[in-house]
Amino acid sequence: MWHAKVTQVEMARRLQITQGAISRKLRGERAFSSDELLAVSKMFNVPIGVLFGEKEKAPADTPGLSSGGLHPELNWRPSHYE
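Residues numbered from 1 in each chain as written. Predicted model: local features only at pLDDT ≥ 70, side-chain atom pairs only at ≥ 80, totals over all residues. Heavy atoms only, no water.

### Regarding the nonpolar core
Note that soluble globular proteins tend to have their nonpolar side chains buried in a common cluster. The biggest cluster of nonpolar side chains holds 13 residues, and the ones touching the most others in it are Met11, Leu15, Ile22, Phe32, Val40, Met43 and Phe44. Going through the elements one at a time, α1 (8-15) and α3 (34-43) are the ones with two or more residues in this core. (Core = buried A, V, L, I, M, F, W, Y, C linked by side-chain atoms within 4.5 Å. Buried < 20%, exposed > 50% of the residue type's maximum accessible area, 1.4 Å probe, protein only. Helix = DSSP H or I, 4+ residues; strand = E, 2+ residues; numbered from the N terminus.)

As structure tokens, this is what we get:
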């Protein structure tokens, strides 16, 4: 599922928060809770460390995930973690 494009609306629905809340979290204005981060890692089927910028060698059968880490379109990290 990592290669699937997920809209903010869909992501918010899956996390059971508003679209406005997910927008603020993605812009780094609000923090993701540990439960939300775990849900996001499951949503994209990636280890939670990848959300924090850890490099992961992609299995050959994982479309959209390069050996350099996150797919460029999904390479976001809340600014308060940088």
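### Observations concerning the packing of α1 against α3
Orientation of α1 relative to α3, taken along the N-to-C sense of each, is 120 degrees, at an axis distance of 10 Å. Looking at the two axes, α1 sits oblique to α3. Where α1 crosses over α3, the two elements pack in a sense that is right-handed. In this structure, α1 contributes Met11, Arg14 and Leu15 to the contact, and α3 contributes Glu36, Ala39, Val40 and Met43. (Axes fitted to C-alpha atoms, helices over the stretch in contact; angles between N-to-C directions. Parallel < 35°, antiparallel > 145°, perpendicular 65-115°, else oblique. Left-handed = near helix turned anticlockwise from the far one by under 90°. Contact = heavy atoms within 4.5 Å.)

### Thoughts on unusual backbone geometry
A positive phi angle, near 60 degrees, is found at glutamine 16, a position not held by glycine. When you line up the elements, glutamine 16 lands in the loop between α1 and α2 (19-26). The exposure class of glutamine 16 is exposed, given its relative accessible area of 73%. If you check the backbone angles, asparagine 45 has positive phi at about 55 degrees while not being a glycine.

### Some thoughts on the packing of α1 against α2
Relative orientation of the contacting elements α1 and α2 amounts to 105 degrees, with a least axis distance of 8 Å. By the angle between their axes, α1 is roughly perpendicular relative to α2. Note on element contacts: α2 touches α1 through Gln19, Ile22, Ser23 and Leu26, opposite Gln8, Val9, Met11, Ala12 and Leu15. Each residue belonging to the contact of α1 with α2 can be placed in one class, and the counts come to 6 nonpolar, 3 polar and no charged. (Nonpolar A, V, L, I, M, F, W, Y, C, P; charged D, E, K, R; others polar.)

### Here we look at the pattern of salt bridges
Under the counting rule described, the total for this entry stands at 4 salt bridges. Here lysine 25 makes a salt bridge to glutamate 36, at a shortest N to O gap of 2.9 Å. Taken together, the residues lysine 25 in helix α2 and glutamate 36 in helix α3 connect sequence positions 11 residues apart. Taking relative accessible area as the criterion, lysine 25 reaches 10% and is therefore assigned buried. (Salt bridge = Lys/Arg side-chain N within 4 Å of Asp/Glu carboxyl O.)

### Some words on a nonpolar patch on the surface
On the surface, Leu38, Ile48 and Phe52 cluster together into a nonpolar patch covering about 230 Å² of accessible area. Inspection of the secondary structure puts leucine 38 in helix α3. With a relative accessible area of 38%, leucine 38 lands in the partly exposed category. (Patch = residues over 30% accessible without salt bridge, like charges linked within 9 Å, V, L, I, M, F, W, Y side chains within 5 Å. Areas by Shrake-Rupley, 256 points an atom, 1.4 Å probe, with all protein chains shown as cover.)

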